[in-house]
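Each chain, letter by letter, is given below.
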Amino acid sequence: MPEYTFRVNGAQVTVDVAGDVRLLWVLRDLLGITGPKYGCGINVCKACTSHLNGKAVNPCAIPVSALRPTDEVTTIEGLAATSGQDLHPMQRAWLEHDVAQCGYCQPGQIMAAVALVRRVAAEGREITDADLDGLRNICRCGTYFRIREAIRAGAENM
Ligand code: FES
Ligand code: FES
């Protein structure tokens, strides 16, 4: 089988796998990185949300063959390191607002939130209700209100 090399959470990895295997299964099953959750597998629920070169992506929709050696994948496991702290400011906000219920969707929620705040900051503006409405990560426990509160709080410290 072909080999694919890319970076995950600051380290270079090489996997020997068919090219059409999606990144989510490479992360979870081959690399043991289980923060990105499997919900739908078809790019709908967003439970697997991670970052590719700093932008939110859904690894269940990315064939491993699409990755290049310089591509940097960041999962919830590597998020804190991107801030140089034990916990990323968004993770701290999540704890302070006691967001999680069952927790299953929460890694994806946090990764989507961080990518949103970064994008809005790059555009030189404040986060809006419309931005928050645009997040499409499903939470079957209905923690949406606390998620919105935590994103606003976390954004203050990013
Ligand atoms: S598992 Fe990736 S979007 Fe649902
Ligand atoms: S906290 Fe249970 S699915 Fe979101």
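Quick notes on the rules
- Residues numbered from 1 in each chain as written.
- Chains lettered and ligands numbered in written order.
- Predicted model: local features only at pLDDT ≥ 70, side-chain atom pairs only at ≥ 80, totals over all residues.
- Buried ≥ 20, exposed ≤ 12 C-beta atoms within 10 Å, placed from the backbone.
- Helix = DSSP H or I, 4+ residues; strand = E, 2+ residues; numbered from the N terminus.
- Pairing = 2+ DSSP bridges.
- Axes fitted to C-alpha atoms, helices over the stretch in contact; angles between N-to-C directions.
- Parallel < 35°, antiparallel > 145°, perpendicular 65-115°, else oblique.
- Left-handed = near helix turned anticlockwise from the far one by under 90°.
- Contact = placed C-beta atoms within 7 Å.
- Nonpolar A, V, L, I, M, F, W, Y, C, P; charged D, E, K, R; others polar.
- Domains from an automatic or database assignment.

Peer 1: Looking at this structure, how should I read the pairing of strand β2 (residues 11–16)?
Peer 2: With 0 of its 6 residues buried, β2 lies for the most part at the surface. Two strands pair when backbone bridges link them, and strand β1 (residues 3–8) and β2 are joined in this way by 6 bridges, in the antiparallel orientation. By the bridge assignment for β2, Tyr-4 is matched with Val-15. The turn linking β1 back onto β2 is made up of 2 residues, and Asn-9 within it adopts a positive phi angle of 50°.

Peer 1: Quick question: what am I supposed to make of the packing of helix α4 (residues 106–122) against helix α6 (residues 144–156) here?
Peer 2: When two helices pack together, their arrangement is given by the angle between the helix axes and by the axis-to-axis distance. As a packed pair, α4 and α6 sit with axes 10 Å apart at the nearest point and diverge in direction by 45°. Considering the angle they form, α4 stands oblique to α6. For the crossing formed where α4 meets α6, the hand is right-handed. Contacts between α4 and α6 involve Gln-109, Ala-113 and Val-117 from the first element and Ile-147, Ile-151, Gly-154 and Ala-155 from the second. Tallied by class, residues from the contact of α4 with α6 come to 5 nonpolar, 2 polar and no charged.

Peer 1: What exactly am I supposed to notice about the sheet that holds β1 here?
Peer 2: Where strands meet in a sheet, backbone hydrogen bonds hold them as pairs that are either parallel or antiparallel. Read across the open sheet, the 5 strands follow the order β2-β1-β5-β3-β4; overall the sheet is mixed. The open sheet terminates on both sides in strands that have one partner only, identified here as β2 and β4 (55–57). The average angle at which neighbouring strand axes cross in this sheet is 40°, direction not considered. As judged from the 2 bridges shared by β1 and strand β5 (residues 72–74), these two strands associate in the parallel manner. Residue pairing for β5: Arg-7 is matched across the bridge by Glu-72.

Peer 1: So what exactly am I meant to see when it comes to the domain arrangement of the protein here?
Peer 2: Note on interface size: it is often stated as the accessible area lost on association of the parts. Considered domain by domain, the protein is made up of domain 1 (3–78) and domain 2 (80–156). Each of domain 1 and domain 2 has a C-alpha centre, and these two points are 20 Å apart. Listed per partner, the contact involves 18 residues of domain 1 and 14 residues of domain 2. For the side of domain 1 that touches domain 2, the secondary-structure elements that each account for two or more residues are β3 (50–52), β4 and α2 (76–83). Partitioning the side of domain 1 that touches domain 2 into residue classes produces 6 nonpolar, 9 polar and 3 charged.

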